[in-house]
Amino acid sequence: MSDLQGRVAIVTGGAAGIGRATALLFARAGARVVVADRAEEAARAVVAEIEREGGEAMFQHVDVSREEDCAAMVKAAVERFGRLDIAFNNAGMPGRVSKTEDQGFAHWHRIIDVNLNGVFHCMVHELRAMKEHGGSIVNTASVAGVRGAPFSSAYAASKHGVIGLTRSAAREYGRYGIRINAICPGVVKTAMAEELATASPPGTADALLAASILRRPGEPEEAAELVMWLCSDKASFVAGAHYMIDGGLTA
Ligand SMILES: NC(=O)c1ccc[n+]([C@@H]2O[C@H](COP(=O)([O-])OP(=O)(O)OC[C@H]3O[C@@H](n4cnc5c(N)ncnc54)[C@H](O)[C@@H]3O)[C@@H](O)[C@H]2O)c1
């Protein structure tokens with residue numbers, strides 16, 4: 001069953017991990033997909049995979065910390081496919097593992113620029129493109145968006161910000177038929193999770209999983225299923241929400 005037939009979707013961070021899995025799922029559901037990322041080769045490989053499966057997609061280079069890139073991304077989507085219905089603002093980077101006083105000012109600013117300002121930059125342009133006809137936006141937060149993340153305070157602050165931005169904008173744009181929600185992944189098997197596990201003291205990743213209900217990491221495809229549902233008409237009564245997808249880590 002194609003839930004997104006005829007829709008046009010942007011996926012930032014679409015080259016890898018949760019974004020890649022979602023771009024592929026969107027395309028299988030009938031959407032035309034803009035795979036937006038700063039990692040060109042990997043993103044083009046996702047476009048090629050979608051096309052091999054008979055879908056329609058395009059690559060767009062974007063560094064979400066640059067507002068002009070985000071403006072160009074939305075413009076390119078509308079120019080190529082005629083409209084914009086769905087946006088998954090998912091690009092993000094992991095934080096440095098250190099005490100707050102050692103996070104570093106430059107690091108703090110970079111994390112906020114990518115993880116929070118990046119979502120804002122994308123949303124401003126997406127909302128303008130969707131206002132006439134409505135749409136659905138999903139932003140990627142994290143379990144670190146709803147509770148403290150010791151030794152990752154910049155990252156946690158950025159993800160708390162994503163939830164505040166999601167809820168506030170959702171309350172403004174419901175009247176335009178635009179539903180805005182967030183997802184809060186726990187540990188999902190991606191390059192980022194691997195990078196974090198390597199940077200953390202030994203045993204940290206295992207302890208996190210042991211503290212969850214399902215006691216295993218999630219697959220990117222499991223997160224993609226939630227995003228797909230949120231973006232589809234099946235979630236027509238869901239707005240301003242943030243959904244945990246964390247194997248029960250925060251239960
Ligand atoms: N994997 C996890 O355990 C986990 C947990 C909670 C939240 N998240 C969030 O999920 C999102 C996706 O992460 P993932 O785990 O799939 O990671 P990933 O490293 O597999 O993929 C991230 C993608 O984002 C792209 N990207 C990074 N910075 C960018 C920028 N400035 N502009 C454009 N693209 C950029 C990367 O090139 C990459 O393709 C992130 O926002 C992350 O914070 C992940």
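Please refer to the structure placed before this passage.
From a predicted model like this one, the values you see are computed outputs, not experimental measurements. (Residues numbered from 1 in each chain as written. Predicted model: local features only at pLDDT ≥ 70, side-chain atom pairs only at ≥ 80, totals over all residues. Heavy atoms only, no water.)

(A) Spotlight on the pairing of strand β3 (residues 56–61). Note that strand β2 (residues 32–37) and β3 share six bridges and pair parallel. Pairing of valine 34 across the sheet is with methionine 58, part of β3. Between β2 and its parallel partner β3, the chain crosses via helix α2 (residues 40–52), and the hand of that crossover is right-handed. (Pairing = 2+ DSSP bridges. Helix = DSSP H or I, 4+ residues; strand = E, 2+ residues; numbered from the N terminus. Right-handed = clockwise from strand over helix to strand, strands pointing away.)

(B) Structural detail: the packing of aromatic side chains. Taken as a whole and assessed by the stated rule, the structure comprises two aromatic pairs. Pairing tyrosine 173 with tyrosine 176 gives two aromatic rings, centres 5.5 Å apart and planes at 35 degrees, and the pair type is tilted. When the centroid spacing of 5.8 Å and the interplanar angle of 65 degrees are considered together, the rings of tryptophan 229 and tyrosine 243 count as edge-to-face. Note that tryptophan 229 is positioned in helix α8 (residues 220–231) and tyrosine 243 in strand β7 (residues 242–245), a separation of 14 residues in sequence. Residue classification places tryptophan 229 among the partly exposed residues on the basis of a relative accessible area of 31%. When its relative accessible area of 28% is taken as the criterion, tyrosine 243 is described as partly exposed. (Phe/Tyr/Trp six-rings, centres within 6.5 Å; stacked < 30°, edge-to-face > 60°. Buried < 20%, exposed > 50% of the residue type's maximum accessible area, 1.4 Å probe, protein only.)

(C) The site of the ligand, seen in detail. For the ligand, the set of nearby residues contains 28 residues, the closest of which are Ile18, Asp37, Asn90, Tyr155 and Thr190. Interatomic distance of 3.0 Å between a side-chain N/O atom of aspartate 63 and a nitrogen atom of the ligand. Within the backbone of glycine 186, an N or O atom sits 3.1 Å from an oxygen atom of the ligand. Summarising the interface, the protein chains cover 92% of the accessible area of the ligand, which totals 830 Å² for the free molecule. Within the residue set of the shell around the ligand, elements represented by two or more residues are α1 (17–28), α5 (153–173) and α6 (191–199). Broken down by element, the residue count for the shell around the ligand peaks at three residues, all from α6. Within the shell around the ligand, the residues separate by chemical class into 16 nonpolar, eight polar and four charged. (Near = heavy atom within 4 Å. Polar contact = N/O pair within 3.5 Å; in protein donor to acceptor, adjacent residues only side chain to side chain. Areas by Shrake-Rupley, 256 points an atom, 1.4 Å probe, with all protein chains shown as cover. Nonpolar A, V, L, I, M, F, W, Y, C, P; charged D, E, K, R; others polar.)

(D) Quick peek at the sheet that holds β2. If you walk across this open sheet you meet the seven strands as β3-β2-β1-β4-β5-β6-β7, and the pairing is parallel. Both edges of this open sheet fall to β3 and β7, since each of them pairs with a single strand only. The sheet shows a mean angle of 20 degrees between the axes of neighbouring strands, taken without regard to direction. On the sheet, α2 packs against β2 and β3 and is oriented at approximately 170 degrees with respect to β3. Its contacts with the sheet place α5 against β5 (135–140), β6 (178–185) and β7, and it is angled at close to 160 degrees to β6. (Axes fitted to C-alpha atoms, helices over the stretch in contact; angles between N-to-C directions. Contact = heavy atoms within 4.5 Å.)

(E) Fine view of the environment of alanine 91. Position of alanine 91 among the secondary structure elements: in the loop between β4 (86–89) and α4 (105–130). Residue classification places alanine 91 among the buried residues on the basis of a relative accessible area of 18%. A sequence separation of 28 residues divides alanine 91 from aspartate 63, and the C-alpha atoms of the two residues are 8.9 Å apart. Apart from the residues lying within four places of it in its own chain, the contact partners of alanine 91 are Thr12, Gly13, Val64 and Val114.

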